[in-house]
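So the chains spell out like this:
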Number of protein chains: 2
Amino acid sequence: MAQQSRQVAWTLAASDIDTRNAALLAMVRHLEAHKSIIFAANDADVAQAKADGLAAPLLKRLTFQEEKLAAVTAGLKALTLLPDPIGQTTYARELTEGLKLYRVACPIGVIGVIFESRPDALVQIASLALKSGNAVLLKGGREALRTNEALCDCLRAAAAEVGLPADFAQLLTTRDDVAAMLKEDALIDLIIPRGSNAFVRYIMDNSRIPVLGHADGICHVYVDKAADVDMAVAISVDSKAQNVSVCNAMETLLVHRDIAEEFLPRLQNAMQLRNVRLLGDERVQAIIPVEPATEADWSTEYLDYILSIRMVDSLDAAIDHINHYGSGHTDCIVTEDTAAAQTFLTRVDSAGVYHNVSTRFADGFVYGFGAEVGIATGKIHARGPMGLEGLTTYKYKLLGSGQLMAEMKDGTRHYTHTLLNEECPL
Amino acid sequence: MAQQSRQVAWTLAASDIDTRNAALLAMVRHLEAHKSIIFAANDADVAQAKADGLAAPLLKRLTFQEEKLAAVTAGLKALTLLPDPIGQTTYARELTEGLKLYRVACPIGVIGVIFESRPDALVQIASLALKSGNAVLLKGGREALRTNEALCDCLRAAAAEVGLPADFAQLLTTRDDVAAMLKEDALIDLIIPRGSNAFVRYIMDNSRIPVLGHADGICHVYVDKAADVDMAVAISVDSKAQNVSVCNAMETLLVHRDIAEEFLPRLQNAMQLRNVRLLGDERVQAIIPVEPATEADWSTEYLDYILSIRMVDSLDAAIDHINHYGSGHTDCIVTEDTAAAQTFLTRVDSAGVYHNVSTRFADGFVYGFGAEVGIATGKIHARGPMGLEGLTTYKYKLLGSGQLMAEMKDGTRHYTHTLLNEECPL
């Protein structure tokens, strides 16, 4: 399968944007035409998952019916409106007379994506891959297998209908497939694992292929001593409870000691209305009646109606806590003090650093990228929500007429290094 | 040491560009003021290396006297003229009323670089790291240890003189240091190993830290059937023999069967004048008297006056050979046929794809980047010569006034997604 992906990658890289956009619109038609098959497959997946005792937030992710179909087809149409991510010249320079260097955006090639039991993710990932000219090997959670097969069939048929290779997307079905994929470092250029930190580490430990990890989302809201308390309560409730089963939900709240007595009782009332269970350190317990939080809580992604709370003595202590326990995903400061916000935004080492806004905004669609293939919590290549740009790389094209390094060394020619404002002609 | 790097990384990230440029100029002064110490240390390193029987090309790389000093100080001065690589806003968008997203360039943080016995590389790497606000752990080849210690002392003193932390650069001295560094994935953000494929693989297999490999440079020149033969000979000689001990030198030449009888005898004459030993496959041996090349030759980086030659039946066969045996570094087609050049540049999957120009041009200084920290032969994050841009990442700063996701979902607010042309104020 990886060899087949490698083969078709050349066709995809050379395909024009009109054909790739036509494939995206064909996907909309195929998904809508076959929706009864897809929904029936999803019914079977959900029934099995319920029988297996899957938790409610996970069942919600697994469900794929009319509402999710409408969302993914809207996403596909929106994706056609975005500019072509490949082919543009992003740097052009004359090096010496008649010798021109161009840096040109191109697809990465073959990408393996391992994702959770959320069938809409399959459509988003595959469509972003196709738009950016990449071949993709997809492995979804086993709970969603029937739904994923039905969806992938539609996407492959749509690509074939416009003359692109159906094998632009191939579905892996077993854990053994994943283990085999990790060995194919000569054929696969990038692995994007979405899942727990432990899972991303497992992938990194078992493959030479570069990994862009979408690991835990241990997001923080820090309520500074100069916070607007109304805003702090509203942002905290939204960050925690608007949707608990997503990686950009808050898991730990940090509150400055000078505002804790005013803020915490109001937070407790608001969270009670949303049925959020609160855990706190000893100083939090002295103000509101909550269960104790332990050291392990600071590193836990609950993905549930649970929030751990810690009191801190200073802005610096909040930053240190976040850089130590956080996952580099998204962290917010609530404050009216601009200097404190600036310090927080500079020193917190996360992909998203927010001032006075809910952590729930960390998302590729929200950021204007159309959709996302994952949220990168590392610092290399791409960071935060990864859209089309994260799925591209570049190559340097150098167009000459016989220039030699010996001529540069002996002074026959000289470097001009003139920046050019032109597209690469080849 | 890694903890110390992590600590000072914050100071470097927050330092202003004037201070960082002042440090670069102070480095010039310190290197020139202490050149007798540096040259004496290098004399000792070279004497030891000669006693140990180091090959001539490697001795040339190891030598650091007046000429190399002049080159590195010129490089430092040139580096001060380049724009600040951190702090710029590269994407700005209003998401909804009053909520602005900014993508801001920032340092990666702590970078470990392992490099060959070439002391000028130490100055280039450390100065690029400082200019881009990164802390760096440096491990050079053991043959250059005395020279590296003398150079690193100068660079550290220069940083301290302008008020930046001397520990922006720290020198590792043993293999055990490297093994220890590879375990520090919580403190180190990126490893850049320069060396053989086997070495880069060893690093990848023994660390969870992301790796940007500067591996073998198995560069090709393909002489197409539509090549200008004079140009093809000149480019081949320059690519092979202008400097054999560098990663952008040609190691294998591919020649189209239709031009081989005209080209090969002329190539042989030219290469004889430069004392290059030629190896060839059977069809090459039928035209010129050369030693046989074996399968292993196609994957060998000689770094010496040796060239392997293979005859191919078509442009596609040349591309397939390069994508199979090459190292993704730099590959050139010599042809007067624009369509053939376009196919080659699109389908060869290397960082540098060249038309009618010597492979020796693959270099950060030549490309206009000032210097380079390595040449990335992978496809993630950076590709080809890595200058300042390769040492930066970005973070998303989102500045709000209490916006909630619940408001977006219930229709109280709407996405505006207006692109902005402004710098982030925080």
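Residues numbered from 1 in each chain as written. Chains lettered and ligands numbered in written order. Predicted model: local features only at pLDDT ≥ 70, side-chain atom pairs only at ≥ 80, totals over all residues. Heavy atoms only, no water.

(A) View of the overall build of chain A. Assigned secondary structure in chain A consists of 16 helices and 17 strands. Over its C-alpha trace chain A gives a radius of gyration of 25 Å, about what one expects of a compact globule, namely 22 Å for 426 residues. Along the first, second and third principal axes, the C-alpha atoms of chain A reach 75 × 60 × 40 Å. Across the 426 residues of chain A, 60% fall into the buried class. Across chain A, every contact between residues at least 6 apart in sequence was considered, and the portion connecting residues at least 24 apart equals 72%. Accessible surface for chain A amounts to roughly 15,700 Å². Of this, 50% is attributable to carbon and sulfur atoms. (Helix = DSSP H or I, 4+ residues; strand = E, 2+ residues; numbered from the N terminus. Rg over C-alpha atoms; globule rule 2.2 N^0.38 Å. Buried < 20%, exposed > 50% of the residue type's maximum accessible area, 1.4 Å probe, protein only. Contact = heavy atoms within 4.5 Å. Areas by Shrake-Rupley, 256 points an atom, 1.4 Å probe, with all protein chains shown as cover.)

(B) Spotlight on the pattern of salt bridges. Enumeration according to the criterion identifies 52 salt bridges over all chains in this entry. Arg194(A) is the partner of Glu116(A) in a salt bridge, and the nearest nitrogen-oxygen pair spans 3.1 Å. With Glu116(A) in the loop between β3 (110-114) and α6 (119-131) and Arg194(A) in the loop between β6 (190-193) and α9 (197-205), this residue pair connects regions lying 78 residues apart in the sequence. Among the residues examined, Arg194(A) registers a relative accessible area of 5% and is labelled buried. Between Lys379(B) and Asp349(B) there is a salt bridge; the shortest N-O distance is 2.8 Å. Here Asp349(B) lies in the loop between α14 (338-347) and β13 (352-357) and Lys379(B) lies in the loop between β14 (375-376) and β15 (384-385), a separation of 30 residues in the sequence. (Salt bridge = Lys/Arg side-chain N within 4 Å of Asp/Glu carboxyl O.)

(C) Looking closely at the side chain of His329(A). Residues and elements named next belong to chain A. Relative to the elements of secondary structure, His-329 occurs in the loop between α13 (315-325) and β12 (330-334). A distance of 2.9 Å separates the side chain of His-329 from the side chain of Thr-330, its partner in a polar contact. Those residues in contact with His-329 that lie beyond four places of it in its chain are Asp-216, Gly-217, Cys-219, Cys-247, Asn-248, Ser-350, Ala-351, Gly-352, Ala-362, Ile-375 and Thr-377. (Polar contact = N/O pair within 3.5 Å; in protein donor to acceptor, adjacent residues only side chain to side chain.)

(D) The packing of aromatic side chains, seen in detail. Enumeration over the complete set of coordinates arrives at 14 aromatic pairs over all chains. Arranged with centres 5.0 Å apart and planes meeting at 50°, the rings of Tyr396(A) and Tyr367(B) form a pair that is tilted. On the criterion of chain membership, the pair formed by Tyr396(A) in strand β16 (residues 392-403) and Tyr367(B) in the loop between β13 and β14 is interchain, its members lying in two chains. We note that Tyr396(A), like Tyr367(B), is buried. (Phe/Tyr/Trp six-rings, centres within 6.5 Å; stacked < 30°, edge-to-face > 60°.)

(E) Main features of the pairing of strand β12 (residues 330-334) of chain B. Residue and element names in this part refer to chain B. Among the 5 residues of β12, 5 are classified as buried, and the element is accordingly described as predominantly covered. Alignment of strand β7 (residues 219-223) against β12, held across 4 bridges, turns out to be parallel. From the neighbouring strand, His-220 faces β12, where its bridge partner is Asp-331. As judged from the 4 bridges shared by β12 and β13, these two strands associate in the parallel manner. Residue pairing in the sheet places Ile-333 in a bridge with His-355 of β13. As a crossover connection, the stretch from β12 through α14 into β13 is right-handed. (Pairing = 2+ DSSP bridges. Right-handed = clockwise from strand over helix to strand, strands pointing away.)

(F) Examining the packing of helix α2 (residues 17-33) of chain B against helix α7 (residues 145-161) of chain B more closely. Residues and elements named next belong to chain B. Running from N to C, α2 and α7 point in directions that differ by 135°, and their axes come no closer than 8 Å. In this view, α2 runs oblique relative to α7, as classed from their interaxial angle. In this structure, α2 crosses over α7, and the sense of that crossing is right-handed. Together, Ala-23, Ala-26, Met-27, Arg-29, His-30 and Leu-31 of α2 and Leu-151, Cys-154, Leu-155, Ala-157, Ala-158, Ala-159 and Glu-161 of α7 make up the contact between the two elements. (Axes fitted to C-alpha atoms, helices over the stretch in contact; angles between N-to-C directions. Parallel < 35°, antiparallel > 145°, perpendicular 65-115°, else oblique. Left-handed = near helix turned anticlockwise from the far one by under 90°.)

(G) Examining the sheet that holds β6(A) more closely. Residues and elements named next belong to chain A. Ordered by their spatial adjacency, 4 strands build an open sheet running β5-β4-β3-β6, and the pairing between neighbours is parallel. Every interior strand has two partners, whereas the edge strands, β5 (169-171) and β6, have only one. For this sheet the average axis-to-axis angle between neighbouring strands, irrespective of direction, equals 20°. Taken together, the 3 bridges between strand β4 (residues 135-139) and β5 define a ladder with parallel strand orientation. Among the inter-strand pairings, Val-136 is bridged to a residue of β5, identified as Ala-169. Packing of helix α1 (residues 2-14) onto the sheet brings it into contact with β3, β4 and β5, and relative to β4 it is tilted by some 140°.

(H) The arrangement of the side chain of Arg93(A) in detail. Residue position: Arg93(A) is located in strand β1 (residues 89-96). One buried charge, Arg93(A), has no salt-bridge partner; the nearest side chain with opposite charge is Glu94(A), at 9.2 Å. Engagement of the side chain of Arg93(A) in a polar contact is seen with the backbone oxygen of His417(A), the distance being 3.1 Å. A polar contact is formed between the side chain of Arg93(A) and the backbone oxygen of Gly368(B), at a distance of 3.3 Å. In contact with Arg93(A), other than residues within four places in its own chain, are Leu99(A), Lys100(A), Leu101(A), His417(A), Thr418(A), Leu419(A), Leu420(A), Tyr367(B) and Gly368(B). (Lys, Arg positive; Asp, Glu negative; His and termini not counted.)

(I) Quick look at the relation of the copies chain B and chain A. Here chain B sits on chain A after a turn of 180° about the axis and a move of 0.0 Å along it, with an RMSD of 0.0 Å. Between the two chains, the operation in question is that of a two-fold axis. Relative to the rotation axis, the closest C-alpha in chain B is found at His381(B), a distance of 1.8 Å. When the interface residues of chain B are mapped onto chain A, 100% of them again lie at the interface, so the same face is used by both copies. (Least-squares fit on C-alpha atoms with pLDDT ≥ 70 in both.)

By themselves, these observations are geometric and do not establish any function.
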